[in-house]
Amino acid sequence: MGVILLVSDVRPALDGDEERVLSAFSPGVLLSSSRVVALTGFGKEKVLRVLKGLVTKGLVSVQGSDRSTHYVMS
């Protein structure tokens, strides 16, 4: 008998802040954290904290470092 693997395209559960930050992204578009602040109305520290969580969940990727850090939807 064969083994059947079910693949799910379900994303991890997100809280309201994560949903709001993720909604600022369009596929393939790089955003700086400052741009995410402008789009969401959240403070810089909150945006960075939420982006870190989204990166950990595999929903957003980081490109660059320091002042040239940008984020893109995974």
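Please read these numbers as outputs of a predicted model, since none were measured by experiment.

The next thing to look at is the overall build of the chain. Scanning the chain from terminus to terminus reveals three helices and two strands. Ordered by position from the N terminus, the helices and strands of the chain form the series α-α-α-β-β. For 74 residues, the compact-globule formula gives about 11 Å, and the C-alpha radius of gyration of the chain, at 15 Å, lies well above that figure. Its C-alpha atoms put the chain at 55 × 25 × 20 Å along the principal axes. Of the accessible surface of the chain, which amounts to about 5300 Å², a share of 55% is contributed by carbon and sulfur atoms. Side-chain charges of the chain comprise 9 positive and 7 negative groups, with the mean position of each set lying 6 Å from the other.

It is worth spelling out the pairing of strand E2 (residues 70–73) at this point. With four bridges connecting them, strand E1 (residues 60–63) and E2 associate as antiparallel partners. Along E2, the bridge assignment pairs serine 61 with valine 72. Between E1 and E2, which follow one another and run antiparallel, lie six residues, and glycine 64 among them has a positive phi close to 85°.

Another point: the packing of helix H2 (residues 33–40) against helix H3 (residues 44–56). The contact between H2 and H3 brings their axes to 9 Å, and the two run at 110°. The orientation of H2 relative to H3 falls into the category roughly perpendicular. For the pair H2 and H3, contact is made by Ser33, Ser34, Val36, Val37 and Thr40 and by Lys44, Val47, Leu48 and Leu51, respectively. Across the contact of H2 with H3, the residue classes tally to five nonpolar, three polar and one charged.

What follows is about the nonpolar core. One recurring pattern in soluble globular proteins is that nonpolar side chains are buried together. Membership of the largest hydrophobic core comes to 15 residues, with the highest contact counts inside it found for Val21, Leu22, Phe25, Val36, Leu51, Leu54 and Val60. A per-element tally of this core places H3 first, with four residues. With near-sequence residues (within four places) excluded, leucine 51 lies in contact with Val21, Phe25, Ser33, Val60 and Tyr71.

Here we come to the environment of leucine 39. If you trace the backbone, leucine 39 turns up in helix H2. Residue class for leucine 39 comes out partly exposed when judged on its relative accessible area of 42%. Each C-alpha atom, one on leucine 39 and one on valine 21, is 8.2 Å from the other, the two residues being 18 residues apart in sequence.

Before going further, it helps to spend a moment on the environment of threonine 56. In this structure, threonine 56 sits in helix H3. Taking the relative accessible area as the measure of exposure, threonine 56 reaches 67% and is therefore exposed. The spacing of threonine 56 and aspartate 15 is 41 residues in sequence and 14 Å in space, taken between C-alpha atoms.

Conventions we followed
Residues numbered from 1 in each chain as written. Predicted model: local features only at pLDDT ≥ 70, side-chain atom pairs only at ≥ 80, totals over all residues. Heavy atoms only, no water. Helix = DSSP H or I, 4+ residues; strand = E, 2+ residues; numbered from the N terminus. Rg over C-alpha atoms; globule rule 2.2 N^0.38 Å. Areas by Shrake-Rupley, 256 points an atom, 1.4 Å probe, with all protein chains shown as cover. Lys, Arg positive; Asp, Glu negative; His and termini not counted. Charge placed at Lys NZ, Arg CZ, Asp CG, Glu CD. Pairing = 2+ DSSP bridges. Axes fitted to C-alpha atoms, helices over the stretch in contact; angles between N-to-C directions. Parallel < 35°, antiparallel > 145°, perpendicular 65-115°, else oblique. Contact = heavy atoms within 4.5 Å. Nonpolar A, V, L, I, M, F, W, Y, C, P; charged D, E, K, R; others polar. Core = buried A, V, L, I, M, F, W, Y, C linked by side-chain atoms within 4.5 Å. Buried < 20%, exposed > 50% of the residue type's maximum accessible area, 1.4 Å probe, protein only.

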